[in-house]
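Report on the structure
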Amino acid sequence: YTREEVARHRSPGDRVWVTHGSDVFDVTDFVELHPGGPDKLLLAAGGALEPFWALYAVHNQPHVLELLREYKVGELSPEDSSPPPGDTRDPFAGDPPRHPALRVNSLKPFNAEPPPELLTQNFLTPNELFFTRNHLPVPSVEPGSYRLRVEGPGGRSLSLSLEELRGRFPKHEVTATLQCAGNRRSEMSRVRPVKGLDWDIGAISTARWGGARLRDVLLHAGFREESPGDGDEWHVCFEGLDADASGIPYGASIPFRRAMSADAEVLLAYEMNGQELPRDHGFPVRVLVPGVVGARSVKWLRSVAVHWQQNDYKGFCPSVDWDSVDFRAAPAIQELPVQSAITEPRPGAAVPAGELTVKGYAWSGGGREVVRV
């Protein structure tokens, strides 16, 4: 087939064809089964998979290629077998360098954790060893042109430069631990297979964060202390500068009540352990929500808005599976429960006889104090 012929198959009605290398595939019957949703697969309809697989590098695994081969319908004609210009560009080429001690769970996008024995060497995790959870390529942001958009009440909006965020609002510092919701997923998967990155016990780190209080910025934008509506349905929504192939940015939210609470100490952070934020951790500005699942602390922040919220990250009991899940039936994940792990010695390690020093971490979740050990 020629690329022109492949390009005619761009919808389920006309069949959905894609190419990978010199092979042609009819993936129409797989569209609704695609784990990332049909819309993501249809972005590649009529064209090459390579640019999208470069962005979502989790596809480059043997079992995915085996699955794809089931849908092969032919090959590209010799004159069309080389990829079109731009297909091989690596969207992750601009990512920052990383510390070699990090244990990488996914290279593109980059997701890594510190070795357990380094995690408990210091109470504050060094910036270069702080666990990294990225969904997409790391944005490259020019600090002089950066603007944070804050949507205020009544259709008004506020645009803040990095200098204005630093100068207009008192700097506040808080020591807080961030933890990925998938921390210890490798242990969970030994009991029952769980979807997602295979984190060990290191998707948790602690830093001293500095920045403007979110409540100060929201008050400056015209919001009042009380929620815009009844109950806890009103959320402050954050969007990052990292966007997928369709232009949709990563985003998350927290209840308005938490955002406005002085005790919650939610920050628009621009410092981490006394230094400007590293690129992997949200430079120039990120949200920092103490005591709450790390997914809410959106990095590379581009906008803040207040909305009524219904569906979001959710958790379910072990009896629920992907065939029976109802995302309306559970509240969104915010605070996390008590978490503790042994970092030294590691499971299965041989240790000398006699007295043994055991190290580990404990985190209470939700900002509450640890009351017993």
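Conventions and cut-offs
Residues numbered from 1 in each chain as written. Predicted model: local features only at pLDDT ≥ 70, side-chain atom pairs only at ≥ 80, totals over all residues. Heavy atoms only, no water. UniProt positions renumbered as here; feature names shortened; annotations may be inferred. Salt bridge = Lys/Arg side-chain N within 4 Å of Asp/Glu carboxyl O. Helix = DSSP H or I, 4+ residues; strand = E, 2+ residues; numbered from the N terminus. Buried < 20%, exposed > 50% of the residue type's maximum accessible area, 1.4 Å probe, protein only. Pairing = 2+ DSSP bridges. Phe/Tyr/Trp six-rings, centres within 6.5 Å; stacked < 30°, edge-to-face > 60°. Lys NZ or Arg CZ within 6 Å of the ring centre and 35° of its normal. Contact = heavy atoms within 4.5 Å. Core = buried A, V, L, I, M, F, W, Y, C linked by side-chain atoms within 4.5 Å.

The name given to the chain in an unreviewed UniProt entry is sulfite oxidase, and the organism recorded there is Rhipidura dahli. Comment text from UniProt for the chain, heading Sequence similarities (unreviewed entry), reads "Belongs to the cytochrome b5 family." Here is the UniProt Catalytic activity (unreviewed entry) comment for the chain, exactly as written: "sulfite + O2 + H2O = sulfate + H2O2".

Turning our eyes to something else, we now look at the pattern of salt bridges. This model, assessed by the stated rule, comprises 20 salt bridges. With a shortest N-O distance of 3.1 Å, Lys-72 and Asp-23 are connected by a salt bridge. On the criterion of sequence distance, the pair formed by Lys-72 in strand S4 (residues 72-75) and Asp-23 in strand S3 (residues 23-26) is long-range, its members being 49 residues apart. Of the residues examined, Lys-72 reaches a relative accessible area of 38% and is grouped as partly exposed. One salt bridge in this structure joins Asp-90 and Lys-108, with 2.7 Å as the shortest N-O distance. With a gap of 18 residues between them, Asp-90 in the loop between S4 and strand S5 (103-106) and Lys-108 in the loop between S5 and strand S6 (111-113) connect regions that are remote in the sequence. Here the residues in one salt-bridge network are Arg-166, Lys-171, Glu-173, Arg-208 and Glu-271, joined through shared partners.

Relative to the helices and strands, Ala-7 resides in helix H1 (residues 3-7). Assessed through its relative accessible area of 30%, Ala-7 is described here as partly exposed.

As a further point, take the sheet that holds S3. Strand order in the open sheet made by the four strands is S1-S2-S3-S4, with antiparallel pairing throughout. Only two strands of the sheet have a single neighbouring strand rather than two, namely strand S1 (10-11) and S4. As paired strands, strand S2 (residues 15-20) and S3 are joined by four bridges and run antiparallel to one another. Directly across from His-20, in S3, lies its bridge partner Asp-23.

Now for the packing of aromatic side chains. This structure, assessed with the given rule, holds six aromatic pairs. For the pair Phe-130 and Trp-209, a centre-to-centre distance of 5.6 Å together with 85° between the ring planes defines the contact as edge-to-face. Highlighted residues: Phe-130 in the loop between helix H5 (116-119) and strand S7 (132-133) and Trp-209 in strand S11 (residues 204-213), separated in sequence by 79 residues. Residues Phe-130 and Trp-209 agree in their burial class; the two are buried. Through successive ring pairs, a cluster of aromatic residues spans Phe-130, Phe-131, Trp-199 and Trp-209. Its guanidinium or amino end placed over the ring of Phe-110, Arg-98 lies 4.0 Å from that ring's centre, counting from NZ or CZ.

Looking at the secondary structure, you find Leu-67 in helix H4 (residues 62-69). The class for Leu-67 is partly exposed, based on a relative accessible area of 33%. C-alpha separation for the pair Leu-67 and Phe-30, spaced 37 residues apart in sequence, amounts to 9.8 Å.

Taking strand neighbours across the sheet as the criterion, the three strands line up as S5-S6-S7 in an open arrangement whose pairing is antiparallel. The sheet terminates laterally at S5 and S7, the two strands that pair on one side only. In the sheet, S6 pairs with S7 via two bridges, with the strands oriented antiparallel. Looking across to S7, one finds that Asn-111 is bridged to Arg-133.

For strand S14 (residues 267-272), a buried count of six out of six residues is recorded, marking the element as mostly surrounded by other parts of the structure. Bridge count for S14 against strand S16 (residues 286-288) is three bridges, and the pairing is antiparallel. Following the sheet pairing, Ala-269 is matched in S16 by Arg-286. Looking at chain direction, S14 and strand S15 (residues 275-276) are connected through two bridges and run antiparallel. In the strand pairing of S15, Met-272 is matched with Gln-275. Where S14 hands over to S15, the hairpin turn is made up of two residues, of which Asn-273 adopts a positive phi near 55°.

In this section: the side chain of Thr-19. Locating Thr-19 in the fold gives a position in strand S2. Judged by relative accessible area, which is 1%, Thr-19 ranks as buried. Excluding residues that lie within four positions of it along the chain, Thr-19 makes contacts with Arg-3, Val-6, Val-24, Gly-47, Ala-48, Leu-49, Glu-50 and Leu-76.

What follows deals with the nonpolar core. Considering soluble globular proteins, one finds that nonpolar side chains tend to be buried as a cluster. Grouped together as the largest cluster of nonpolar side chains are 45 residues, with contacts concentrated most on Leu-214, Val-236 and Leu-301. Leave out the neighbours within four places in its chain, and Val-236 touches Leu-214, Leu-218, Ala-252, Ser-253, Ile-254, Pro-255, Phe-256, Ala-259, Val-304, Ala-305 and Val-306. Of all hydrophobic cores here, the second largest spans 17 residues; its members include Phe-130, Ala-203, Ala-269 and Leu-288.

In this section: the side chain of Ser-161. Mapped onto the fold, Ser-161 is located in strand S9 (residues 157-161). What makes Ser-161 buried here is its relative accessible area of 12%.

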